[in-house]
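# Structural characterization, general
Chain by chain, the residues run as shown.
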Amino acid sequence: MIVAENVWFSYPSKVEALKGVSLTINDGEFVAIMGQNGAGKSTFVKHFNGLLKPSRGVVRVDGVETTKSSVAALARNVGFVFQNPDHQLFSETVEEEIAFALKNFGFEKEVIEKRIEWALNLLSLTQYRKTSPFLLSGGERKRVALASVLAWDPQTLILDEPTIGQDHEQKEKLRQFIMQLQTQKKTVVVVTHDVEFVAECNPRVVLMKEGKIVADGVGKEILTDPPLLELSSIVLPQIAQVFTKLSELGLPKDVIDIYEAKNIILKAKESRHR
Amino acid sequence: MSVFDGLKFRKVYSPIHNLDPRMKFAYVIAIFVVAIIFYQVIPLLVLFFMQIPFVLLARVQRQWLRSLRGAAFLAAFIFIINVVTTYFTSGYTFTAINIENSTAMTLRFIVLVESFSVFFLTTSPDHLGLALEESRVPYEFAFAFTTAVRFVPVLAEEAQTIMDAQKARGLELEKGGLLKRIRNYIPILIPLIVSAIRRSLELAEAMESRAWGAAKKRTNLYSLKLHKGDFALLAITIGILALAVYAHFNVAVPTVSSLLGF
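Residues numbered from 1 in each chain as written. Chains lettered and ligands numbered in written order. Predicted model: local features only at pLDDT ≥ 70, side-chain atom pairs only at ≥ 80, totals over all residues.

Once that is clear, we can look at the overall build of chain A. The helix and strand inventory of chain A stands at 11 helices and 10 strands. Its C-alpha atoms give chain A a radius of gyration of 20 Å, within 12% of the compact-globule value 19 Å for 274 residues. Its C-alpha atoms put chain A at 70 × 45 × 30 Å along the principal axes. With 274 residues in all, chain A has 43% of them scored as buried. Looking at chain A alone, contacts between residues at least 24 apart form 62% of all its contacts between residues at least 6 apart. (Helix = DSSP H or I, 4+ residues; strand = E, 2+ residues; numbered from the N terminus. Rg over C-alpha atoms; globule rule 2.2 N^0.38 Å. Buried ≥ 20, exposed ≤ 12 C-beta atoms within 10 Å, placed from the backbone. Contact = placed C-beta atoms within 7 Å.)

Right, dumping it as structure tokens:
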């Protein structure tokens, strides 16, 4: 469980990035943190594994204050996948890249072997086991970065902009993958601009603006609230846009799921024929 | 990364920022020459304090202090090496003069750092490139130089991100003996170098698709013109040089230890 209480943070350049943010993320939750550039999203999630420490306020991870623990100790339970995989890949082979964190955490040799196997399999990278990560495509590098974090099986997974540079198929795989983590009661925090991706996943949505949380609720409510989204320069998901335009016909506005949309339209069509 | 902070240009308007980069560079070179001419503490101290009005006028004192703090480690190193070598070369004795000479060498280094820091803090990379071009440096070289200067802060920021990313994977930079600590930097340096190379290739493609080098003769949007302040700085520069050369040949500079009666 991650608890942030009245967290303030300013960078050495005196920019106040967070102004009194409070948020509780329970075990097993799936949270999307959204907001425009510079809203403080990345700054906020970097507090969850202690990369940044609050200038005022407290962040507790499973009851431990982040100021009283090292990043390495916190990282054991909170995995953080950075936006740009090129900021972390350095090994000669994909296999060694995945082993890096496992060695840092002091896993046994046999366990490392098993975990590598498991992570490669999970992200369909087995064929690249002995390949240099630098020879892979952008999307594949991103998957290697993800695999290198998943390998130590942290309770919480933070993904910073995971959908950037991914084609639709990969995004869909990522979505299924997050759902799979959910069934294992893992906590997933996603920082993203990708409103369609969030609409498809329908997680809890936390909206940030200028270092503050302006909205926190279920995706279906927040992503269908035009004034609220406009405040954060986010466009409605396409399905919600269509239903907003169709609201004159007496259809509900709060629709973001494609199957729900289909059912509502079919029902409306039937009732008109009758 | 604090040394880099001392070189990072920020857009502010001040009388110093508006000076012609060529004049400023001539001034920095003059300070450089004077710092090399003298090996005594007193003139070097004078040289050190002479920069402070410029720093205050340019309102860059905070970044300037940071660059000095960044240079402190190297300065201490220079001081210790000087003290130790003079200890061995002067027949295993510590004398006030030895200490004073070591201080002078350290001060010389600090004067060089501080004057270059003021120059880079108050000169935009664009102006610098323009100054190089107008001094007949081939455009390719001028461009390479300004790009290098411009990317220093970018690389520093990237290094920070990479450090964060590796720390998030359990890397502890301050752990282990000396060798282990040096090895700890491999996961930082490789991504940094790889992404710098990748970025330079991308930059080259982007430049070429914008017709870089298409015409032999380039035109510029801005051109450098000398104003009153630039001539004043030139006069100051010549004055300092003349005074320093005169003092070097005609004035016996006293040492601090002789003044204090050691």
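Further notes follow.
Turning our eyes to something else, we now look at the interface of chain B and chain A. Think of interface size as the accessible area that goes away when the parts come together; that is how it is often given. Taken together, the contact pairs 18 residues of chain B with 19 residues of chain A. Contributing elements (two or more residues each) for the side of chain B that touches chain A: α7 (139-167) and α9 (186-209) of chain B. Broken down by element, the residue count for the side of chain B that touches chain A peaks at seven residues, all from α9(B).

A few words now on the environment of A:Leu228. Residue and element names in this part refer to chain A. Secondary-structure assignment places Leu-228 in helix α9 (residues 226-231). It is 8.4 Å that separates the C-alpha atoms of Leu-228 and Val-214, two residues lying 14 residues apart in sequence. Those residues in contact with Leu-228 that lie beyond four places of it in its chain are Leu-207, Ala-215 and Ile-222.

Bringing the sheet that holds strand β4 (residues 56-61) of chain A into the picture now. Hydrogen bonds between backbone groups are what pair the strands of a sheet, and the pairing can be parallel or antiparallel. All names here are of chain A. Here we have four strands laid out as an open sheet, ordered β2-β1-β4-β5, and antiparallel in their pairing. Looking at the sheet topology across the chains shown, the edges are occupied by β2 (16-25) and β5 (64-65). In terms of strand pairing, β4 meets β5 through two bridges, oriented antiparallel. Across the sheet, residue Val-61 finds its bridge partner in β5, namely Val-64. (Pairing = 2+ DSSP bridges.)

In this section: helix α3 (residues 41-58) of chain B. Residue and element names in this part refer to chain B. The end-to-end C-alpha distance of α3 is 27 Å, a good match for the 26 Å that 18 residues give at a rise of 1.5 Å each. Buried within α3 are the following residues: Val-41, Pro-43, Leu-44, Leu-47, Phe-54, Val-55 and Ala-58. Trailing α3 by a residue or two, Arg-59 shows a phi angle of about 55°, which is positive. (Expected span 1.5 Å × (residues − 1).)

Let's shift gears to the environment of A:Thr244. Residues and elements named next belong to chain A. Note on placement: Thr-244 falls in helix α10 (residues 238-245). The class for Thr-244 is partly exposed, based on 16 C-beta atoms found within 10 Å. Between the C-alpha atoms of Thr-244 and Asp-254, which are 10 residues apart in sequence, the distance is 8.2 Å. Among residues more than four places away in sequence, those in contact with Thr-244 are Pro-226, Leu-236 and Lys-253.

Time to look at the domain arrangement of chain B. Taken domain by domain, chain B holds domain 1 (1-123 + 227-262) and domain 2 (138-225). Here the C-alpha centre of domain 2 of chain B lies 29 Å away from the C-alpha centre of domain 1 of chain B. (Domains from an automatic or database assignment.)

Here we come to the packing of helix α2 (residues 21-37) of chain B against helix α10 (residues 228-250) of chain B. Residues and elements named next belong to chain B. Their axes nearest at 9 Å, the elements α2 and α10 cross at an angle of 10°. As far as their axial angle goes, α10 and α2 are roughly parallel. Considering how the two elements wind past one another, α2 and α10 form a crossing that is left-handed. Each of Met-23, Ala-26, Tyr-27, Ala-30, Val-33, Val-34 and Ile-37 in α2 lies in contact with α10, whose residues at this interface are Asp-230, Leu-233, Leu-234, Thr-237, Ile-240, Leu-241, Ala-244 and His-248. (Axes fitted to C-alpha atoms, helices over the stretch in contact; angles between N-to-C directions. Parallel < 35°, antiparallel > 145°, perpendicular 65-115°, else oblique. Left-handed = near helix turned anticlockwise from the far one by under 90°.)

Here we take up the sheet that holds strand β10 (residues 212-218) of chain A. All names here are of chain A. In spatial order, the strands read β6-β7-β8-β3-β9-β10; together these six strands make up an open sheet with mixed pairing. Each having just a single partner strand, β6 (78-81) and β10 make up the two edges of the open sheet. Adjacent strand axes in the sheet meet at a mean angle of 15° when their direction is disregarded. Here six bridges tie strand β9 (residues 204-209) to β10, and the two strands are oriented antiparallel to one another. Within the sheet, the bridge partner assigned to Val-205 lies in β10 and is Gly-217. Along the sheet, helix α6 (residues 168-183) contacts β3 (30-34), β7 (156-160) and β8 (187-191); its crossing angle with β8, the most-contacted strand, is approximately 150°.

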